[in-house]
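Working through the structure, step by step
So you can see what is in the structure, the chains are spelled out below.
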Amino acid sequence: MAQETRDREAAQTSVTDPATRAALARLVWPLRLTLAGLWAERLARSFWPVWTILIATLAALVFGLQDLLPLDWVRGALVLAGLGAFVAVAFGVRAFRKPTRADAMARLDASLPGRPISSMTDEQAIGSGDPWSRAIWETHRRRMAERAAEARPVRPDLRLAPRDPFALRYLALTALVVALIFGSVWRVASVTGIAGGGAEAMVGPSWEVWAQPPSYTGKPSLYLNEIDDAEITLPVGSRLQIRLYGELGDLTVTESVSGRPAGEAPPGPAQDVEVRQTGAVTIDGPGGRSWKIMALADRPPLVTADGNMEREADGQMKLSFSAQDDYGVTGGKATILLDLPEVDRRHGLAIDPEPREPVTLDLPLPIAGSRVEFSETLVEDLAKHPFANLPVVLNLSVTDAAMQEGLAEPLKVVLPGRRFFDPLAAALIEMRRDLLWNRANGPRTAQILHAVTHAPEGLFRNPRAFLRTRVLMRQLDAGAATLAPAARDEIAEQLWEIALMVEEGDLASALEALRRAQDRLDEAIRNGASQDEIEQLMEEMRQALDNYMRELAEEAQRNPDQQQSENRQSMEMSGDQLQEMLDKLQELMEQGKMAEAAELMEMMRQLMENMQVTMGEGQGQGQGSQAMRDLSETLRDQQGLSDDSFQELQRGPQGQQGEGQQGEGQQGQNRQGQGQQGEGRDGQSLAERQRELRDRLNGMQDQSLPGQGSQRGENGRRSLDDAGRAMREAERALRDGDLPGALDRQAEAMESLREGMREFGEAMAEEQRQQNGQGEGEAFGRADPNSQRDPLGREPGETGRIGSDRNMLQGEDVYRRAQDLLDEIRRRSGDLSRPEIEREYLRRLLDMY
């Protein structure tokens, strides 16, 4: 209080105005706090190197570096730290300037606008005798007093970045925090024994012992000075750090846990002992102790296979396994070796295989969680490996952090691979397997491929697959006897791609896709495929059937007259009934009744064939229908010409010597039995037949095609232009003798023709719907009392069925609405809460539609 009073009196000595004196009195505490900030600022700037060195030294001591480094190094480091601190203090004292009240007043005054504190202490220089001038001066001082009353303490500038550009102070603080977390404050006391001297050594404990288990165990370090138990359990590999203080020889250590012979313990104040076996550790001397150490052995890890290896539908292998270890598994491998004694050594496998490295796979480990005990699943795609579908021996092994290895019982299995149900694809994969088994099978593989491609009719459904096979045969013929490993691997890869092309196909026709799906499913049923493979093939067949039914619906829109004429004499089957047949087929396969499933598959196959015949027969009416028939005939003729080109290519090099020399004679033979096509004359070459088809297509574009003026009609004409362009390029390729190039251009022409026919068919369907809409408007406008209409005002169907043949909805929405109605009827028919009579009526509706 006395100092505060003196401050107020000193500030008010030269001030006579009471308001000014009161304002200065209120500045006492802001002035004091600002002065304290100046002290902190100048001390930090002058002495920050001192406390940085002290904090860094303390962090090193808490970490226990003095116990790990040689004694001379520790002493030298302490001397350097002391000298550094002394130099830093000297420079700090030299740079330090004691802050005064005037400095605090000036900083506080500078923080206010207009420096009001200086204005309040100023004296009037002139006009002090004039009362008016005096009054103005006093008014000015009161205003400055009011402004000074708003003064607040000025915060000190403690930023040291310009003086410490490398942030050494933060590094020291971070090291200290980490040392306090992971170290021990007790270790600082060990520095007292460094200088020697019994008096200094007795300041702290005369000995210290730390037990540090291996880091992979996850167990904490133990400070044995604080443990009263005489028996301690430690993992094998733990490290005992013993520090002795006092005169050399006053304390000695005897131990039997490291396995060293007696007397080999290194003398000195610092000793490290590794726990290898159960034993005792004794510190003999004043205040000594003894512990019995129980060594906890680290057992090797264990791994076992859970069940048998499984094959996924796509050919991937899947194996579940379990592993466990005391402190966690760190890694694992699966090694796959060929089980040669179990291989069926026939055909291409009769000769000895070429040496191959075992397949090594890394076992999956849990990403998060404990690895002490876990179960995982190894999933790997080895379908293209030479060991695929052959007997192998699988060895599982895991390791722990101590590099101990655990082995599972060898597992003898057939390595899963992709299964090919198409006979041709399976044969190609077998040739690939023989070639990878030993390159000496190259001539045999080439011979079998020659036999397979000798009569490819009905065998190769994909022309590109046949062409690639022929090219591959030439490669094998050229170098089968001296096949290099790189060439062998390239041929094996091509055989795999060709087999996939044959198995999966590149089919544009929905019916062909459905037939392929049926064949694959039928083959899987006969060969006893797994449940996953059958489910995948069933899904493929469902999708193919949906696509085929969609094509039938579009065909019905494009040819409504044809469908009406056929509906009078054909049996109707809805999509629901087909779905019921598929469900029944899947149920039979799940029950293991493969014979009944095969019979149902054959029934469905005949049904699909009959549906195809119905779709292909019949004729439409009108100019649009005639144009569509002409386009269809052109497409068939183009397909026939493409087949003849394909057969010409199959004959080998003699068929590729040019159209001018041998074309006519060969084409005359090619067209034997092709009279049903009717597009060529005897003696015509392939190029001439292609030009004739192109001229016919150009003539069609001058006729009245469907969709005049509509977008679909324009799209169809553009597709015909593309087809004509492809035909012209195919003709040029045929004249040049480039049969593979001609086949590609012919395929493009057929695809463009199909696209054009689809666009024209949609255009015809739109025109038909518009005509039906106008007709319906006229019919509903008549008031004919004799007309036979149902209660909803619809005329009965022409085929004698209940309801009307007219569409209540127009456009694509009719299918969505019909599906919604069928779903709702099906749902209500299965609702047991509804009356039985209602559900019976709904079931009859479903049977009808």
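Worth saying up front: this structure is predicted, and the values here are computed from it rather than measured. (Residues numbered from 1 in each chain as written. Predicted model: local features only at pLDDT ≥ 70, side-chain atom pairs only at ≥ 80, totals over all residues. Heavy atoms only, no water.)

On to the overall build of the protein chain. Helices and strands together make up the secondary structure of the protein chain, namely 26 helices and 16 strands. Counting across all 849 residues of the protein chain, residues that qualify as buried make up 39%. Taking the intrachain contacts of the protein chain between residues at least 6 apart in sequence as the baseline, contacts between residues at least 24 apart amount to 70%. For the protein chain, the computed accessible surface area is about 46600 Å², with 53% contributed by carbon and sulfur atoms. (Helix = DSSP H or I, 4+ residues; strand = E, 2+ residues; numbered from the N terminus. Buried < 20%, exposed > 50% of the residue type's maximum accessible area, 1.4 Å probe, protein only. Contact = heavy atoms within 4.5 Å. Areas by Shrake-Rupley, 256 points an atom, 1.4 Å probe, with all protein chains shown as cover.)

The geometry of helix H3 (residues 28-63) relative to helix H6 (residues 101-110) is characterised by a closest axis approach of 9 Å and an angle of 105° between their N-to-C directions. Comparing their axes, H6 and H3 come out roughly perpendicular. Two secondary-structure elements touch here, H3 through Pro-30, Leu-31, Thr-34, Leu-35, Leu-38, Glu-41 and Arg-42 and H6 through Arg-101, Asp-103, Ala-104, Met-105, Arg-107 and Leu-108. Here the contact of H3 with H6 is composed, by residue class, of seven nonpolar, one polar and five charged. (Axes fitted to C-alpha atoms, helices over the stretch in contact; angles between N-to-C directions. Parallel < 35°, antiparallel > 145°, perpendicular 65-115°, else oblique. Nonpolar A, V, L, I, M, F, W, Y, C, P; charged D, E, K, R; others polar.)

Below, the discussion takes up the nonpolar core. By size, the foremost hydrophobic cluster in this structure holds 53 residues, and its most contacted members are Leu-428, Ile-491, Val-502, Leu-631, Leu-697, Leu-720 and Leu-753. In terms of residue count, helix H24 (residues 739-781) provides more of this core than any other element does, nine residues in total. Those residues in contact with Leu-428, other than ones at most four positions away along the chain, are Leu-449, Leu-495, Ile-498, Ala-499 and Val-502. Core analysis: the next-biggest nonpolar cluster, separate from the first, contains 25 residues, Met-309, Phe-321, Phe-374 and Leu-415 among them. (Core = buried A, V, L, I, M, F, W, Y, C linked by side-chain atoms within 4.5 Å.)

So, about helix H8 (residues 131-148). Residues that lie three or four places apart on an α-helix share one face, since the helix turns once every 3.6 residues. For H8, spanning 18 residues, the distance from its first C-alpha to its last is 25 Å, which sits close to the expected 26 Å at 1.5 Å a residue. Among the residues of H8, those classed as buried are Trp-137, Glu-138, Arg-141, Met-144, Ala-145 and Ala-148. The buried residues of H8 occupy an angular sector of 120° when the element is viewed end-on, so they sit on one face. Exposed side chains of H8 directed beyond 90 degrees from the buried face belong to Trp-132, Ile-136, Arg-143 and Glu-146. (Expected span 1.5 Å × (residues − 1). Arc of directions from axis to C-beta.)

Any two side chains of opposite charge can pair, so long as their charged atoms come close to each other. The tally for this structure, following the rule as stated, stands at 32 salt bridges. When the shortest N-O distance is used, the salt bridge between Glu-274 and Arg-276 registers 3.2 Å. Taking relative accessible area as the criterion, Glu-274 reaches 36% and is therefore assigned partly exposed. With a relative accessible area of 53%, Arg-276 lands in the exposed category. Across the pair Glu-731 and Arg-694 runs a salt bridge, and its minimum N-O distance is 3.0 Å. (Salt bridge = Lys/Arg side-chain N within 4 Å of Asp/Glu carboxyl O.)

Let us look at the packing of H3 against helix H5 (residues 71-95). Their axes nearest at 7 Å, the elements H3 and H5 cross at an angle of 160°. On the basis of the axis angle, H3 is roughly antiparallel to H5. Where H3 crosses over H5, the two elements pack in a sense that is left-handed. Contacts between H3 and H5 pair Ser-46, Phe-47, Pro-49, Val-50, Ile-53 and Thr-57 from the former with Leu-78, Ala-81, Gly-84, Ala-85, Ala-88, Val-89, Gly-92, Val-93 and Ala-95 from the latter. In terms of residue class, the contact of H3 with H5 is built from 11 nonpolar, four polar and no charged. (Left-handed = near helix turned anticlockwise from the far one by under 90°.)

Judged by pairing direction, the sheet is antiparallel, and its three strands sit side by side in the order S9-S10-S13 without closing on themselves. Strands at the two margins of the open sheet, each flanked by one partner only, are strand S9 (302-311) and strand S13 (373-380). Pairwise comparison of adjacent strand axes, ignoring direction, gives a mean angle of 20° for this sheet. Pairing of strand S10 (residues 317-324) with S13 involves eight bridges; the strand directions are antiparallel. Paired with Ser-320 across the two strands is Thr-377, which belongs to S13. (Pairing = 2+ DSSP bridges.)

Our focus in this paragraph is the side chain of Gln-494. When you line up the elements, Gln-494 lands in helix H14 (residues 485-504). In this view, Gln-494 contacts Arg-468, Leu-472 and Gln-475; residues no more than four positions away in its chain are not counted.

To continue, consider the environment of Ala-313. With respect to the secondary-structure elements, Ala-313 resides in the loop between S9 and S10. On the basis of relative accessible area, Ala-313 is assigned to the partly exposed category, the value being 28%. Through-space distance from the C-alpha of Ala-313 to that of Glu-535 is 8.4 Å; in sequence the pair is 222 residues apart. In contact with Ala-313, other than residues within four places in its own chain, are Asp-532, Glu-533 and Gln-536.

Glancing now at the packing of aromatic side chains. For the structure shown, the criterion picks out seven aromatic pairs. Note on Trp-39 and Phe-96: the rings are 5.7 Å apart at their centroids and 40° apart in plane angle, and the pair reads as tilted. Placement of the pair is Trp-39 in helix H3 and Phe-96 in the loop between H5 and H6, with a sequence separation of 57 residues. Looking at Trp-39, the relative accessible area reads 31%, which means it is partly exposed. (Phe/Tyr/Trp six-rings, centres within 6.5 Å; stacked < 30°, edge-to-face > 60°.)

Our focus in this paragraph is the sheet that holds strand S6 (residues 270-274). With antiparallel pairing, four strands are arranged side by side in an open sheet as S2-S1-S4-S6. Since the sheet does not close on itself, it has two edges, and those belong to strand S2 (222-223) and S6, each with one partner. Bridging between strand S4 (residues 239-244) and S6 involves five bridges; their strand directions are antiparallel. Counterpart to Gln-241 in the pairing with S6 is Asp-272.

Residues Phe-63, Leu-65, Leu-68, Leu-69, Trp-73, Val-177, Val-178, Ile-181 and Phe-182 make up a contiguous nonpolar surface patch of roughly 900 Å² in combined accessible area. Sorting elements by how many residues they give to the nonpolar patch places helix H9 (residues 168-182) first, with four residues. Locating Val-177 in the fold gives a position in helix H9. (Patch = residues over 30% accessible without salt bridge, like charges linked within 9 Å, V, L, I, M, F, W, Y side chains within 5 Å.)

Turning next to the confidence of the model for the protein chain. Put simply, the protein chain has an average pLDDT of 75, and 75% of its residues get 70 or more. Within the protein chain, helix H21 (residues 659-670) has the poorest average pLDDT of any element, 37, and strand S14 (residues 391-400) the best, 93. Confidence drops under pLDDT 50 across residues 557-571; counting only partners more than four residues distant or on other chains, this segment forms 24 contacts. (pLDDT = per-residue confidence, 0-100.)

Glancing now at unusual backbone geometry. Its identity is not glycine, yet His-347 carries a phi of approximately 55°, on the positive side. Along the chain, the position of His-347 falls in the loop between strand S11 (329-338) and strand S12 (359-362). Among the residues examined, His-347 registers a relative accessible area of 54% and is labelled exposed.

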